[in-house]
Amino acid sequence: MTRLLSPIAAVLAIAALPMFGQPPAAPEGGRGGPGGGRGGFGRGRSPALPPPGPTPRMADGKPNMTGYWNAGMNGGAVFEVQKHPRRSQSLPAGDGAIVDPPDGLIPYQPWAAEKAKDNFEHHLADEPELHCYMSGVPKQIYVQFGFQILQPPGYIVMNWEFMHSYRIIPTDSREHTLGPNVHLFEGDSVGHWEGDTLVVDTTNLNDRTWFDTAGDFHSDQLHVVERFTMVNDRTINYEATMDDSKVFTKPWKIAMPLMRNLQPNYEIMEFGCIEGNQDLHHYLQEAGGKAAEKKK
Amino acid sequence: MKRRCTVILLAAAAVWTFAPLAAGQAYTAPRTPDGQPDLQGIWEIRNSPDKDIEKAKGLIVEPKNGKIPYQPAALAQKKQNEKNSAKADPLNSCYMPGVPRINLLEYPFQIFQTPGQIAIAYEYIHNFRNIYLNRKQHMEGIDFWQGDSLGHWEGDTLVVDVGDFNDQTWFDKAGDFHSDELHVTEAYTRTGADTLKYEATIEDPKTFTMPWKISATLYRNTKPNARLLEYECHYLAEQAAAKKEGK
C-alpha cells in the first residue's frame, strides 16, 4: 500500500491535532495502544492496562526487544527537538526532548545558532523529509508511525514504515570499518550490550539530515551514542548523546520512552514517499524551471 | 606464475565444492537457532539482467524458448514501453522496483531470519521487505509496490508467495510489465556456502498466456565486516538536477 500522504501533509495534519505540544502522553498511550488510532499519537484516552510484566529475554539472556515500538510525542520533538516557544497556531510551545543541558536547548556555536534560525525562517522547503530523504540518527527513532525491532543472531534490525527505512546494527562489538570520507544518511552503527542496555555508536553520518522539522542541524562530524534500556515488557528507555565539534559547544542529550505497540496482528505497511511526491518531478523534468524560479 | 597458481587453486576449490553435488547429494544449509535453513548474509546477483531479461542468457527457464508469453495486446504495450523506456521506466523516477526486479539489480541485499518473520534489507533505495511466516492470507483491498509476501519452507527452500501488487512496476528496462493481477512465487535455496539459487514464477492472466519462470544465482559477499551501503536514488537525482541547474 502506498500512503498517499506527502511528508508536509503529514506534518501539518499531525501538528493540527489539539494535543500537539502538550506534555508527553502516558506511556500506555501512543498509536498502537488500545484506542490509539493509526497515525495518531495517543489520540483519545486509553483504558487502564494491567501493570507491565518483566523484560522478555532471548535464549542468551539478553533483553528481547522484538516487536513494534513508538516514541510518542515527547514535547513535540519531531517538530522541534529543543524547548521551543509557540511558533504558530499549529505549532504551539513544547518542552522538546533535551535533558542535558538542563535549559533544554541545543548548545550551538554562535554561527550555527544563526544558521538554525535562518533555516527556520527561510529554508523550511529544504527540510530533508520533504525530499523523501532518510531521517538519520537519532531522528529516525522519533519519527511518525513507529518502527519494528527484529533480533536475528548477532544483529538488531529496525525497520520503519516512514520512508521504508531501516537500520542494521551488528551487536558483536565490532569496530567501525568505514573510512572517514564515507557519509551515509543512517551512518555506520555498531552495538554492544552493557547489562540490559544496548549501546549503539554511530559515525559516518552525512550532513543532509535535521534533528526535527524546524531546521536544527549538524555537520558530517556528528557522532551519536544511543542507549536502549529495556525496563519492562513494554517500555524501552531511549537516550542519545550528540557530539559535533563543528556545530555545538559541547555534547547534548535527549531522552524519551519508547512504548510497545500493543495492537494485535500489527504490521509495518509500505510508505511510498517518492512514489506519491510530485516534488521530484519538478526537480527532474523541470530542472532549471521550477527549481530555478525558487532561487529568484 | 602467480595467476597460474590461483587458477589451479580455484579449480581445486571448485572440484572440492561441487563434489557432493556431483555425487548426487544436495548441499545442506546450516540451521538458524530456531531450526530454519540459514539464508542469512549479504547477497547479490552478478551481471544484472536488468537491461532486458529476455536477452539475459539462461534467465528465463520457462517457457523453453526464453520468451515472455505475452498476450497480443500486452506485447504491443511492451514494445511501446520499450520505446519510451528512458522516460517511462519507473526506476528513472526512483520508484520501488517491485518483485522480482529488486532481486535482479546489481545492488546487494541482506537477509535476516527470526522465528516468525524473514526480512530482506536492500541497499537499493534503502528498501525493506518483510516476509511473514505465520500469516496465511494476503491482505484484502490494498496493493503494494513490493507486494505482500507470505513465506513457508519446503524442505530447505524458502517459498515466498507474493501478491497484492499494483500495476506500476516493470520487470526490466526493456519495458516488460504486468497488471495488478500479478502473482509471483519466489524460491530461495542455498546451493553452497556462498551461493543461493533464486527462482521466481510469474503469473498474470491479464497479461500473459501462461506462467513463466526465471532462475538466477546470487553470490554471498564474503568480505569480513561486509555491510550494506546506501543507494539513495532520489537524493542523487536531486543533486544531479541541482548541478545541471547551477550551470
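Residues numbered from 1 in each chain as written. Chains lettered and ligands numbered in written order. Predicted model: local features only at pLDDT ≥ 70, side-chain atom pairs only at ≥ 80, totals over all residues.

**Side note on the overall build of chain B**
Logical step 1: When its secondary structure is counted, chain B shows five helices and 10 strands.
Logical step 2: Across chain B, every contact between residues at least 6 apart in sequence was considered, and the portion connecting residues at least 24 apart equals 58%. (Helix = DSSP H or I, 4+ residues; strand = E, 2+ residues; numbered from the N terminus. Contact = placed C-beta atoms within 7 Å.)

**Concerning the confidence of the model for chain A**
Detail in the predicted coordinates should be disregarded across regions flagged by low pLDDT.
Residue and element names in this part refer to chain A.
Logical step 1: Overall, the prediction assigns chain A a mean pLDDT of 82, with 77% of residues at 70 or greater.
Logical step 2: Below a pLDDT of 50 lies the segment residues 1–44, which in the model reaches 98 contacts outside its immediate sequence neighbourhood of four places, other chains included.
Logical step 3: Throughout residues 284–296 the model reports pLDDT below 50, and contacts reaching past four residues in sequence, or to other chains, amount to 14 contacts. (pLDDT = per-residue confidence, 0-100.)

**Some words on the nonpolar core**
Logical step 1: Judged by nonpolar contacts, the single largest core of 106 residues is most densely connected at A:V157, B:A119 and B:A121.
Logical step 2: Contact partners of B:A121, with chain neighbours within four places excluded, come to A:Y166, A:I168, B:F109, B:Q110, B:F128 and B:L228. (Core = buried A, V, L, I, M, F, W, Y, C linked by C-beta atoms within 7 Å. Buried ≥ 20, exposed ≤ 12 C-beta atoms within 10 Å, placed from the backbone.)

**Things to note about the environment of A:V200**
Logical step 1: Tracing the backbone through its elements, the reader meets A:V200 in strand β7 (residues 197–203).
Logical step 2: When sequence neighbours within four positions are dropped, the list of residues in contact with A:V200 reads A:I169, A:S189, A:G191 and A:E226.

**So, unusual backbone geometry**
Logical step 1: A cis amide bond, omega 5 degrees, links A:D100 with the succeeding residue A:P101.
Logical step 2: Each neighbour pair has its own omega, and for B:E62 with B:P63 the value is 0 degrees, a cis peptide bond.
Logical step 3: Counting through the fold element by element, B:P63 comes out in the loop between β2 (60–62) and α2 (72–83).
Logical step 4: Even without being a glycine, A:N265 presents a positive backbone phi close to 60 degrees.
Logical step 5: Given 6 C-beta atoms within a 10 Å radius, A:N265 is considered exposed.

**Some details on the confidence of the model for chain B**
Residue and element names in this part refer to chain B.
Logical step 1: Of the residues in chain B, 89% reach a pLDDT of 70 or more, and the chain-wide mean stands at 91.
Logical step 2: Predicted confidence for residues 1–24 stays below pLDDT 50, and this span has four contacts to residues more than four positions away or in other chains.
Logical step 3: Across the assembled chains, the prediction reports ipTM 0.88 with pTM 0.86.

**What about the interface of chain A and chain B?**
Logical step 1: At the interface, 35 residues of chain A touch 35 residues of chain B.
Logical step 2: Elements supplying a minimum of two residues to the side of chain A that touches chain B: β4 (155–160), β5 (166–170), α3 (273–276), α4 (279–285) and α5 (290–295) of chain A.
Logical step 3: Of the residues assigned to the side of chain A that touches chain B, the class counts are 22 nonpolar, 10 polar and three charged. (Nonpolar A, V, L, I, M, F, W, Y, C, P; charged D, E, K, R; others polar.)

**Describing the pairing of strand β7 (residues 157–163) of chain B**
Residue and element names in this part refer to chain B.
Logical step 1: Only one face of β7 is covered, namely the one carrying L158, V160 and V162; the face carrying T157, V159, D161 and G163 has none of its residues buried.
Logical step 2: When strand β6 (residues 148–154) meets β7, the two strands line up antiparallel, connected through seven bridges. The residue of β7 that forms the bridge with H152 is V159.
Logical step 3: Connecting β6 to the antiparallel partner β7 that follows it, the hairpin turn spans two residues, and G155 within it adopts a positive phi of roughly 65 degrees.
Logical step 4: Both β7 and strand β8 (residues 183–192) contribute to a ladder of six bridges, which runs antiparallel. If you follow L158 over to β8, its bridge partner there is Y188. (Pairing = 2+ DSSP bridges.)

**Some details on helix α5 (residues 233–246) of chain B**
Structurally, the α-helix is built with 3.6 residues per turn, so residues lying three or four positions apart point the same way.
All names here are of chain B.
Logical step 1: The end-to-end C-alpha separation of α5 is 20 Å, in line with the 20 Å expected for 14 residues at 1.5 Å each.
Logical step 2: The set of residues buried in α5 consists of H234, Y235 and E238. Looking straight down α5, one finds its buried side chains confined to an arc of 105 degrees; they lie on one side. In α5, the exposed residues that point more than 90 degrees away from the buried face are L236 and K243. (Expected span 1.5 Å × (residues − 1). Arc of directions from axis to C-beta.)

**Let's talk about the pairing of β5(A)**
Where a strand is regular, its side chains alternate between the two sheet faces.
Logical step 1: In terms of burial, β5(A) is a largely internal element, four of the five residues being buried.
Logical step 2: In this structure, the hairpin formed by β4(A) and β5(A) is closed by a connection of five residues, where A:M163 is found at a positive phi of approximately 65 degrees.

**Quick notes on the environment of A:E186**
All names here are of chain A.
Logical step 1: Note on placement: E186 falls in the loop between β5 and β6 (188–194).
Logical step 2: Since 22 C-beta atoms lie within 10 Å of it, E186 is described here as buried.
Logical step 3: Put simply, E186 and N204 are 18 residues apart on the chain and 8.3 Å apart in space, counted from C-alpha to C-alpha.
Logical step 4: Discounting residues that sit within four places of it in the chain, E186 has contacts with M134, G136, V137, Q140 and R167.

**A short note on the environment of A:S88**
Logical step 1: Tracing the chain through its elements places A:S88 in the loop between β1 (67–70) and β2 (98–100).
Logical step 2: C-alpha of A:S88 to C-alpha of A:Y108: the two residues are 20 residues apart in sequence and 23 Å apart in space.

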